[in-house]
Amino acid sequence: MAKKENKNIADLKFGATIEYAPAPESNAHIEIKKKYELFIGGEFVAPEKGKYFPTINPATEEKLADIAKADATDVDKAVKSARYAYDNYWSKISGSQRGKYLFRIARMLQERAREFAIIETMDGGKPIKEAKGFDVPMAINWFFYYAGWADKIEYAVPGKNPEALGVAGQVIPWNFPLMMAAWKIAPALAAGNCVVLKPAETTSLTALKLAELIQEAGVPPGVVNIVTGEGDTGAAIVNHADVDKVAFTGSTRVGKMIQKSLAGSGKKLTLELGGKGANIIFEDAAIDQAVEGVINAVYFNQGHVCCAGSRLFVQEGIAETVLQKLKDRLKTIRIGNPLDKNTDIGAINSKKQLDTVQDYINIGINEGGKLYQDKCSLPKKGFWCKPTIFTNVSQASRVVQEEIFGPVLTVQTFRTIDEVVELANNTYYGLSAGVWTDKGSKVFQVGNQLKAGVVWANSFNKFDATSPFGGFKESGFGREGGLHGLTAYLK
Ligand code: NAP
Ligand code: MG
């Protein structure tokens, strides 16, 4: 048997797919309740109007649970409970006491990492290896890191005697649900604020599980409130008169609406919005590493990544080689059951998002772009999109200019550094970029000219709680992570 397997592997040509036996992560012991209520004042309470909406598994289209829909009255209750907790408790205790709660949340999350990862995968469609290897560890990382800051706030801004802002209203998207909740809650609490957070309507489950964990951790009632619902619930939070700070992560379209509605209100605002990252490969780069980096940069999490490197620029001399290697690599990518440990690409988060991505693929074709998709088969049920490459595109192409938020890469070529810097910066966005070259000096020369909040060198999509992350231009303003992420919650 072993001999035969060896022979088969030896016979494989590069680019041929190795068939793996299915290796699904068991979800047998995972408890998902039929119905989830709002988490207000430390308790799970029914919404005033008694309305609920379903959340489904986008890989199977099966309903997972009903989620409470909060309206303005429920949001008002949540803000009042946050204010009460802030005035009477959270602002009175010491930083080290706040830190203890945050350390406790981090440790409990660590103990239950697998459960959170499985639920994240089922509710959102992302591969289990990402949920387990990226989302949940990052969320834990964020709680541990900011727990460490809680008793050192006066050193964060030396000589300024920083104070908490009060009540923070936080609204997050569906691409990294638990991680985004951690990015928002951990620095806010460490700095001494209380929060009202709304997860995205398609992925509320891990935020609600986190609410259960926060309750178990004995965090005082009202310090964290989680209200679920749709866009109008988010609007009720950001426009509530007693919210001191709004932190929003989501689309540029909604971000602009929020900025307009808050103008003159005196509320502090940070916006983490869309992106259209440039990934640049020079002729002197380690090509195989760069190709792997590009695959990661654009197809990771089905391309549902604000900082995705969805615009590839390849120096002319290696363009054909790089394109061929990308196509070869796509042949070996496994797309399917997100709970399978071998899966590289999971399900698109919702039917609505799949329609958006398909529309963009059609736009790309109609604009004269040359489409490449591998012949792989897709599951019958659920929302799926093949990893897609567009060549023969220009700066004027909509697929080059607009954020698609799906597994779609555009490829363009360049000759000189000046040319590629101009191409890369010719976008409304400014969140992320990548540079692949053998020369450190070139990394700095190019990196310094790119108008992006993050520039990765010979890597992509690397994060750490100690390092600030955020955008320029229409990608928003403010930073999350590191000291910058903490000061966003301080007076
Ligand atoms: P979205 O439509 O803007 O929604 C984001 C959140 O805002 C959701 O919870 C949404 O609720 C809520 N919302 C919708 N309308 C609102 C309103 N009028 N007022 C207040 N809240 C409102 O974005 P998305 O489609 O969920 O997420 C994808 C976008 O997020 C992409 O553009 C991506 O680049 C960006 N993103 C940016 C970062 C970053 O760090 N810069 C990170 C991740 C994602 P519903 O779920 O009910 O619509
Ligand atoms: Mg769902």
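Structural data are supplied above this passage.
Residue indices follow the written sequence of each chain, beginning from 1 at its first position. Chains and ligands are labelled by the order in which they are written, letters from A for the one and numbers from 1 for the other. Only residues with pLDDT of at least 70 are given local features in this predicted model, and only at 80 or more are side-chain atom pairs given and counted; all residues enter the totals for whole chains, interfaces and linings. Heavy atoms from the whole structure form the basis of all side-chain values; hydrogens and water molecules are not counted.

Here the focus is the side chain of Lys245. With respect to the element layout, Lys245 can be found in strand S9 (residues 245-249). Only protein chains enter the accessibility calculation, which uses a 1.4 Å probe; a residue is then buried when its area is under 20% of its type maximum, exposed when over 50%, and partly exposed in between. By the counting rule applied here, Lys and Arg register as positive and Asp and Glu as negative, while His and the ends of each chain are not counted. Each reported salt bridge corresponds to a side-chain nitrogen of Lys or Arg within 4 Å of a carboxyl oxygen of Asp or Glu. Glu480 provides the closest opposite charge to the buried, unpaired Lys245, separated from it by 7.8 Å. Here a polar contact is recorded for every N or O atom pair within 3.5 Å, except that within protein the pair must consist of a potential hydrogen donor and a potential acceptor, and residues adjacent in sequence are included only if both atoms are side-chain atoms. Among the polar contacts listed, one links the side chain of Lys245 to the side chain of Thr270, at a separation of 2.8 Å. One polar contact links the side chain of Lys245 to the main-chain carbonyl oxygen of Ala488, over a distance of 3.1 Å. Should any heavy atoms of two residues lie within 4.5 Å, those residues are counted as being in contact. Here Lys245 is in contact with Leu165, Val167, Ala168, Gly169, Lys268, Leu269, Thr270, Ala488 and Tyr489, once residues within four sequence places are set aside. Secondary structure elements follow DSSP: runs of H or I no shorter than four residues count as helices, runs of E no shorter than two count as strands, and numbering proceeds from the N terminus.

Attention now moves to the coordination of the magnesium ion (ligand 2). Distances up to 2.8 Å from the metal define which N, O and S atoms are donors, and 3.2 Å serves for Na, K and Ca; water is absent from the atom set, so sites may look incomplete. The protein atoms donating to the magnesium ion (ligand 2) are Thr55 (OG1), Ile56 (O), Asp123 (O), Asp123 (OD) and Thr202 (O), with metal-donor distances spanning 2.3 to 2.7 Å. Ile56 gets classed as partly exposed once you look at its relative accessible area, which sits at 30%.

Below, the discussion takes up the environment of Ile30. With respect to the helices and strands, Ile30 occurs in the loop between helix H1 (2-11) and strand S1 (35-36). Placed 35 residues apart in sequence, Ile30 and Ala65 show a C-alpha to C-alpha distance of 13 Å. Dropping the residues within four chain positions of it, Ile30 is found in contact with Glu115, Ile118 and Ile119.

Any two strands between which DSSP finds at least two bridges are classified as paired. Pairing in this open sheet of three strands is mixed, and the strands run S1-S5-S4 from one edge to the other. On the outer flanks of this sheet lie S1 and strand S4 (52-57), each paired with one strand and no other. In terms of strand pairing, S1 meets strand S5 (residues 62-68) through two bridges, oriented parallel. Residue pairing across strands places Lys35 opposite Asp66, the latter belonging to S5. To obtain each axis, a line is fitted to C-alpha atoms, and for helices this fit is confined to the stretch in contact; angles are then taken between N-to-C directions over 0 to 180 degrees. Contacting S4 and S5, helix H4 (residues 113-124) runs over the sheet at an angle of about 100° to S4.

A few words on the sheet that holds strand S14 (residues 388-391). Spatial ordering of the open sheet is given by S13-S14-S15-S12-S11-S16-S17, a layout of seven strands whose pairing is mixed. Of all strands in the sheet, those with a lone pairing partner are strand S13 (370-373) and strand S17 (454-457), marking the two edges. Sheet twist, expressed as the mean angle between neighbouring strand axes with direction ignored, is 20°. Of the strands in this sheet, S13, S14 and strand S15 (408-414) touch helix H13 (residues 351-366), which is tilted by about 25° from S14.

With that out of the way, let us pick up the environment of Ala113. Residue placement: Ala113 occurs in helix H4. Sequence separation of Ala113 and Ala139 is 26 residues, and the distance between their C-alpha atoms is 9.8 Å. With sequence-adjacent residues up to four places away left out, Ala113 is seen in contact with Val136 and Ile140.

The rule for a disulfide is simple: a pair of cysteine sulfur atoms within 2.5 Å. Applying the stated criterion across every chain, the model contains zero disulfides. Considering cysteine sulfurs only, Cys307 is the nearest to Cys306, which forms no disulfide, with 4.4 Å between them.

Further remarks concern the nonpolar core. Here, nonpolar core means buried Ala, Val, Leu, Ile, Met, Phe, Trp, Tyr and Cys residues that are tied together by side-chain atoms lying within 4.5 Å of each other. Residues Phe143, Ile185 and Leu210 are the most contacted members of the largest nonpolar core, which totals 111 residues. A total of 13 residues in this core trace back to one element, the largest contributor, which is helix H5 (residues 128-149). Just so you know, the domain bounds were taken from an automatic or database domain assignment. Mapping this core onto the domain boundaries places at least three of its residues in each of domain 1 (35-273 + 474-487) and domain 2 (278-464). Apart from the residues within four sequence positions on either side, Phe143 is in contact with Leu102, Ile105, Ala106, Leu109, Ala182, Ile185, Ala186 and Leu210.

Another point: helix H10 (residues 252-262). Where H10 is concerned, the buried positions are Thr252, Gly255, Ile258 and Leu262. One side of H10 carries all its buried residues, which in axial view fall inside an arc of 120°. Residues Arg253 and Lys260 are exposed on H10 and point more than 90 degrees away from its buried face. Where H10 is buried, its residues meet helix H9 (231-238), S9 and strand S10 (268-272). In this context, the arc is that of the directions from the helix axis out to the C-beta atoms.

What follows deals with the pattern of salt bridges. Applying the stated criterion across every chain yields a total of 28 salt bridges. Notably, a salt bridge pairs Asp232 with Lys69, separated by 3.2 Å at the nearest N-O pair. Placement of the pair is Asp232 in helix H9 and Lys69 in the loop between S5 and helix H2 (72-90), with a sequence separation of 163 residues. Residue Asp232 is classed as partly exposed on the basis of its relative accessible area, which comes to 49%. Taking the relative accessible area as the measure of exposure, Lys69 reaches 18% and is therefore buried. In this structure, Asp135 and Lys126 form a salt bridge, with 2.5 Å as the shortest nitrogen-oxygen distance. Summarising the burial analysis for this pair, Asp135 and Lys126 share the class buried.

A few words on the site of ligand 1. For this description, a residue counts as near a given molecule or strand if any of its non-hydrogen atoms is within 4 Å of it. The full set close to ligand 1 counts 30 residues, and Ile172, Glu201, Ser251, Leu273 and Glu403 are the nearest of them. Measuring from a nitrogen atom of ligand 1, one finds a backbone N or O atom of Ala235 at 3.5 Å. Glu403 places a polar side-chain atom, nitrogen or oxygen, 2.5 Å from an oxygen atom of ligand 1. Here the open area of atoms and residues is found with the Shrake-Rupley method and a 1.4 Å probe, where only the protein chains shown may cover a residue. Protein chains shield 90% of the accessible area of ligand 1, which is 900 Å² for the free molecule. Of all the elements in the fold, those that place two or more residues in the shell around ligand 1 are H9, S9 and H10. Looking at the shell around ligand 1, you find at least three residues from each of domain 1 (35-273 + 474-487) and domain 2 (278-464).

Limitation: the analysis is restricted to geometry and does not speak to function.
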